[in-house]
Amino acid sequence: NSETVIEYRVPATQRVRLRIYNLSGQVVAELVDETLTAGTHRAGWDARDESGRAVASGVYLYRLQAGDLQLSRKLVLVR
């Protein structure tokens, strides 16, 4: 029952996209793809891919895009 919550801040109302990638660069899950208001937001990931299958333990990357802001961070999933 692995789950993580990613908290992020949006500086102004804008379209936000938050995706999880494997180390091969493939999209594993899309957590957010919508216009959000300024402020702090949270997105949960239950360690499942877009098809609902549990993913393996390992290293993943998440990428946040909000307007001109783009950042990537490492995420380690341990089951």
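In what follows, the structure referred to is the one given above.
A brief structural summary. (Residues numbered from 1 in each chain as written. Predicted model: local features only at pLDDT ≥ 70, side-chain atom pairs only at ≥ 80, totals over all residues. Heavy atoms only, no water.)

Here's the deal with the side chain of Asp-49
Here's step 1: Note that Asp-49 resides in the loop between strand 4 (39–45) and strand 5 (58–66).
Here's step 2: Within the structure, the side chain of Asp-49 is placed 2.9 Å from the backbone nitrogen of Ser-51, a separation counted as a polar contact. (Helix = DSSP H or I, 4+ residues; strand = E, 2+ residues; numbered from the N terminus. Polar contact = N/O pair within 3.5 Å; in protein donor to acceptor, adjacent residues only side chain to side chain.)

Let's talk about the packing of aromatic side chains
Here's step 1: This model, assessed by the stated rule, comprises one aromatic pair.
Here's step 2: Judged by centre distance (5.6 Å) and plane angle (70°), the ring pair of Trp-45 and Tyr-60 falls under edge-to-face. Of this pair, Trp-45 sits in strand 4 while Tyr-60 is found in strand 5, placing the two residues 15 residues apart along the sequence. In this pair, the class of Trp-45 matches that of Tyr-60, namely buried. (Phe/Tyr/Trp six-rings, centres within 6.5 Å; stacked < 30°, edge-to-face > 60°. Buried < 20%, exposed > 50% of the residue type's maximum accessible area, 1.4 Å probe, protein only.)

Describing the sheet that holds strand 3 (residues 27–36)
Here's step 1: On the basis of which strands lie adjacent, the open sheet formed by four strands has the order 3-2-5-6 and antiparallel pairing. The open sheet has two edge strands with one neighbour each: strand 3 and strand 6 (69–77). The sheet shows a mean angle of 15° between the axes of neighbouring strands, direction not considered.
Here's step 2: Bridge count between strand 2 (residues 14–21) and strand 3: eight bridges; the pairing is antiparallel. Bridging across to strand 3, Arg-15 finds its partner in Thr-35. (Pairing = 2+ DSSP bridges. Axes fitted to C-alpha atoms, helices over the stretch in contact; angles between N-to-C directions.)

What to know about the pairing of strand 6
Along any regular strand, the residues point their side chains to alternate faces of the sheet.
Here's step 1: For strand 5 and strand 6, the ladder comprises nine bridges, and the chain directions are antiparallel. The partner of Val-59 across the bridge, within strand 6, is Val-76.
Here's step 2: Counting the residues between successive antiparallel strands, the hairpin from strand 5 to strand 6 contains two residues, one of them, Gly-67, with a positive phi of roughly 60°.

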